[in-house]
Amino acid sequence: MPRLLHPNAAHVADTLIARGHHGVIVTQPAPTRSAVQAAEALGADPGAIVKSLIFLLDDEPVLLLVSGAHEVNVAATGARLQGTLTRASLDVAQEVTSQPIGGVAPLGHPTNLPTYLDTALAAHAELWAAAGHPDTVFRSTFPELLRVTAGLAVDMD
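Residues numbered from 1 in each chain as written. Predicted model: local features only at pLDDT ≥ 70, side-chain atom pairs only at ≥ 80, totals over all residues. Heavy atoms only, no water.

Structural notes on unusual backbone geometry
And then number 1: Notably, Asp58 is not glycine yet its phi reads approximately 50°, a positive angle.
And then number 2: Along the chain, the position of Asp58 falls in the loop between strand S2 (49–57) and strand S3 (60–67).
And then number 3: The class for Asp58 is partly exposed, based on a relative accessible area of 43%. (Helix = DSSP H or I, 4+ residues; strand = E, 2+ residues; numbered from the N terminus. Buried < 20%, exposed > 50% of the residue type's maximum accessible area, 1.4 Å probe, protein only.)

Following this line, the structure appears as structure tokens:
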């Protein structure tokens, strides 16, 4: 019998469809809480995995969508965003996304977070992002992810 989507993933699918995306959610047999785990499960390059990270920009939460191949250079990225960037606590991240860590999607949150996409993601024809739960993902492209999140492209290294 097919598994039903977790309610968070169903909400992400609905949000994707409302924004003109196909909304197909892929459920993995086991949670893929890290970019490396997701890349292995999908047979994808780690750089094509989208990490959804919550930071504070001058004490306001923002969402950074980062390539699984690298980490955010906090000082340089903060300067590019014209503020001070710090990592949000797990409590803040869960509060502003209503999604579990390891499954935070780029969208489908209670409020629209200012969203910034790592320009390194543009090097990949196909991207994979979490879909609201640690065992769910969806496929997208860099231009499509910019559009559905109303995000801005930023160098994060």
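Quick notes on the nonpolar core
Across soluble globular proteins, you tend to see nonpolar side chains buried next to one another.
And then number 1: Counting 26 residues, the largest nonpolar core has Val12, Ile25, Phe138 and Leu145 as its most contacted members.
And then number 2: Elements represented by at least two residues in this core include exactly helix H1 (7–18), S2, S3, helix H4 (90–97), strand S6 (127–130) and helix H5 (142–149).
And then number 3: No other element matches H1, which puts four residues into this core.
And then number 4: Look past the residues within four positions of Val12 in its chain and what remains in contact with it is Ile25, Gln99, Ala105, Leu107, Ala131, Gly132 and Phe138. (Core = buried A, V, L, I, M, F, W, Y, C linked by side-chain atoms within 4.5 Å. Contact = heavy atoms within 4.5 Å.)

Brief notes about the layout of surface pockets
And then number 1: A volume near 440 Å³ is recorded for the largest pocket.
And then number 2: Lining the largest pocket we find 27 residues, and of these Arg33, Lys51, Ser52, Leu53 and Gly102 sit closest to its centre.
And then number 3: Sorting the residues of the lining of the largest pocket by element identifies helix H2 (35–42), S2, H4, S6 and strand S7 (136–140) as the ones contributing at least two each.
And then number 4: Within the lining of the largest pocket, the residues separate by chemical class into 15 nonpolar, eight polar and four charged.
And then number 5: The volume enclosed by the second largest pocket comes to roughly 160 Å³.
And then number 6: Every residue lining the second largest pocket is listed: Thr15, Arg19, Pro106, Leu107, Gly108, His109, Thr111, Asn112, Leu113, Thr115, Thr149 and Ala150. (1 Å grid on protein atoms, 1.4 Å probe; cavity = no way out; pocket = protein on both sides within 12 Å on 5 of 7 lines; lining within 4 Å. Points joined across faces, edges and corners; volume = space filled by probe spheres on them. Nonpolar A, V, L, I, M, F, W, Y, C, P; charged D, E, K, R; others polar.)

A short note on the UniProt feature "domain: YbaK/aminoacyl-tRNA synthetase-associated" (unreviewed entry) in the chain
And then number 1: In this numbering, the UniProt entry assigns the feature "domain: YbaK/aminoacyl-tRNA synthetase-associated" (unreviewed entry) to residues 31–147.
And then number 2: Between the first and last C-alpha atoms of residues 31–147 the distance is 27 Å; the span itself is 25% helix and 28% strand. (UniProt positions renumbered as here; feature names shortened; annotations may be inferred.)

Quick word on the side chain of Ser52
And then number 1: By secondary structure assignment, the location of Ser52 is in strand S2.
And then number 2: With a relative accessible area of 14%, Ser52 lands in the buried category.
And then number 3: A distance of 3.0 Å separates a polar atom in the side chain of Ser52 from the backbone oxygen of Val104.
And then number 4: Excluding its chain neighbours within four sequence positions, the residues that come into contact with Ser52 are Leu63, Leu64, Leu65, Val104, Ala105 and Pro106. (Polar contact = N/O pair within 3.5 Å; in protein donor to acceptor, adjacent residues only side chain to side chain.)

What to know about the pattern of salt bridges
And then number 1: Applying the stated criterion across every chain yields a total of three salt bridges.
And then number 2: Glu71 is the partner of Lys51 in a salt bridge, and the nearest nitrogen-oxygen pair spans 3.3 Å. Of this pair, Lys51 sits in strand S2 while Glu71 sits in the loop between S3 and helix H3 (74–80), and the two are 20 residues apart along the sequence.
And then number 3: The exposed category is assigned to Glu71, whose relative accessible area is 58%. (Salt bridge = Lys/Arg side-chain N within 4 Å of Asp/Glu carboxyl O.)

Digging into the pairing of S6
And then number 1: Neither face of S6 is exposed, since Leu127 and Ala129 on one face and Trp128 and Ala130 on the opposite face are all buried.
And then number 2: One ladder, built from two bridges, connects S2 with S6; its direction is parallel. Looking at the pairing, Ile49 lines up with Trp128 of S6.
And then number 3: Sheet analysis places S6 next to S7, joined by four bridges and oriented antiparallel. Of the residues in S7, the one forming a bridge with Leu127 is Ser140. (Pairing = 2+ DSSP bridges.)

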